[in-house]
Amino acid sequence: MTDELPSSRRPLAALAGTTSGEPEALARPEVSFEFFPPKTEKMEEILWASVKRLEPLGPRFVSVTYGAGGSTRERTHATVARILRETSLVPAAHLTCVGSSRAEVDEVARGYWQAGVRHIVALRGDPPAGADGYEPHPEGYAYAADLVSGLKRVGDFEISVAAFPETHPEAASPAADLDNLKRKIDAGASRAITQYFFDAEIYLEFVARARKAGITVPIVPGILPVTNFAQVVKFSAMCGATVPDWLARLFEGLDGDTETRKLVAATVAAEQCRALRAAGVNEFHFYTLNRADLSYAISHILGIRPQEAGPREEGKDAGGETGG
Ligand SMILES: Cc1cc2nc3c(=O)[nH]c(=O)nc-3n(C[C@H](O)[C@H](O)[C@H](O)COP(=O)(O)OP(=O)(O)OC[C@H]3O[C@@H](n4cnc5c(N)ncnc54)[C@H](O)[C@@H]3O)c2cc1C
């Protein structure tokens, strides 16, 4: 029965790539997971339980964010180093331009290279809380494109950058923002990861515009499973992501009901991934907020199953000798 429906209408079978006659693009998708460095011992425990839970899914990489204004420099480094030491995962360290000179940023990058980290998510960064807008450091990298060039001088890192399907809020125009993305790719980035969005069309239209502008690298959709709707509304206002009315309606009356919120969140994210899969998308980046359950469930629905331990070992670099 499901085989008679167009792929965009086939519900979960299409999502898992299990119906006959699916396009090749529906092979097992690739996923990556994003974490933030923990502040307390309790948060550290939660993070590591999540890392261990998601590890067997064999993500392409896991990334660790860098706090606003570089505030988590040591914690980001420590988290990335522990991932390298204690797991089979390939870590990607986020790095930003904010509040540091070029020499300081280069030093952090060299430290990563020497530790064996080969993937950096290069960002301009947001100003620290309370600051009045973004001001480049007088001796710093002004924008992410400059940072990408600088990183390539330090070592031949794999570099991912941010992309904004709904346009970055400070951009002069959507076209100027796309030009900026192109500059980041031309400077050496090989993947863009998007800000989260909730309507698949927003992403698909953005990718179409990017392709037209000559951007050919993978543009991986950033998926945010919504666990705290009020917080998402607040954050979306700052980062320029639209929170659709239908999403607000789905979370109506659930403020005190964590369990139902989780079920709704998983359903929303799974449906979003289904629509993207139906359009041929084969790679997803999950903003886990250090919780494994939703990202694990959605990955499972996408057809991803635990793998034998260790298949990613060969993707890791021992490092230590070849600092750029
Ligand atoms: C996947 C992802 C991960 C993130 N991780 C982190 C993190 O770990 N830590 C953190 O602090 N933040 C993080 N952020 C947030 C990010 O730092 C902010 O969104 C920031 O405001 C923009 O970063 P960017 O790298 O896109 O900046 P840029 O690419 O430098 O662009 C910033 C703005 O400047 C404009 N612009 C660029 N170049 C020029 C120019 N020459 N002249 C004029 N305007 C210009 C762009 O159009 C855009 O509006 C992340 C965002 C995403 C999507």
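Preceding this section is the structure that the text describes.
## A short note on the packing of helix α10 (residues 258-278) against helix α11 (residues 293-301)
Between two packed helices, what matters for the description is the angle formed by their axes and the separation of those axes.
At step 1: Packing of α10 against α11 brings their axes to within 10 Å, and their N-to-C directions diverge by 40 degrees. Classified by the angle their axes make, α10 and α11 are oblique. As α10 packs across α11, the resulting crossing turns out to be right-handed. Listed contacts from α11 to K262, A265, A266, A269, A270 and C273 of α10 are L294, A297, I298 and I301.
At step 2: For the contact of α10 with α11, the residue count by class is nine nonpolar, no polar and one charged.

## Quick word on unusual backbone geometry
At step 1: One non-glycine residue, T167, lies in the positive phi region at around 70 degrees.
At step 2: For T167, a count of 17 C-beta atoms within 10 Å translates into the label partly exposed.
At step 3: Although it is not a glycine, L289 sits at a positive phi angle of roughly 50 degrees.
At step 4: Among the secondary structure elements, L289 is positioned in the loop between β9 (283-287) and α11.

## Some remarks on the sheet that holds strand β4 (residues 119-123)
At step 1: Pairing is parallel in the open sheet, where nine strands are placed in the order β7-β6-β5-β4-β3-β2-β1-β9-β8. This sheet does not close on itself; its edge strands, each paired only once, are β7 (219-220) and β8 (222-223).
At step 2: Bridge count for strand β3 (residues 91-96) against β4 is five bridges, and the pairing is parallel. Among the inter-strand pairings, T96 is bridged to a residue of β4, identified as L123.

## What about the pairing of strand β6 (residues 191-194)?
At step 1: A two-sided burial pattern is seen for β6, the buried positions comprising R191 and I193 on one face and A192 and T194 on the other.
At step 2: With four bridges joining them, strand β5 (residues 158-163) and β6 adopt parallel strand pairing. Residue pairing for β6: A163 is matched across the bridge by T194.
At step 3: Tracing the backbone out of β5, into helix α6 (residues 174-186) and back to the parallel element β6 gives a crossover that is right-handed.
At step 4: Sheet analysis places β6 next to β7, joined by two bridges and oriented parallel. Bridging from a neighbouring strand, A192 pairs with I219 of β7.

## Observations regarding the environment of F157
At step 1: Within the fold, F157 resides in the loop between α5 (144-154) and β5.
At step 2: C-alpha of F157 to C-alpha of A189: the two residues are 32 residues apart in sequence and 8.9 Å apart in space.
At step 3: Discounting residues that sit within four places of it in the chain, F157 has contacts with R118, H119, I120 and L151.

Rules and cut-offs
Residues numbered from 1 in each chain as written. Predicted model: local features only at pLDDT ≥ 70, side-chain atom pairs only at ≥ 80, totals over all residues. Axes fitted to C-alpha atoms, helices over the stretch in contact; angles between N-to-C directions. Helix = DSSP H or I, 4+ residues; strand = E, 2+ residues; numbered from the N terminus. Parallel < 35°, antiparallel > 145°, perpendicular 65-115°, else oblique. Left-handed = near helix turned anticlockwise from the far one by under 90°. Contact = placed C-beta atoms within 7 Å. Nonpolar A, V, L, I, M, F, W, Y, C, P; charged D, E, K, R; others polar. Buried ≥ 20, exposed ≤ 12 C-beta atoms within 10 Å, placed from the backbone. Pairing = 2+ DSSP bridges. Right-handed = clockwise from strand over helix to strand, strands pointing away.

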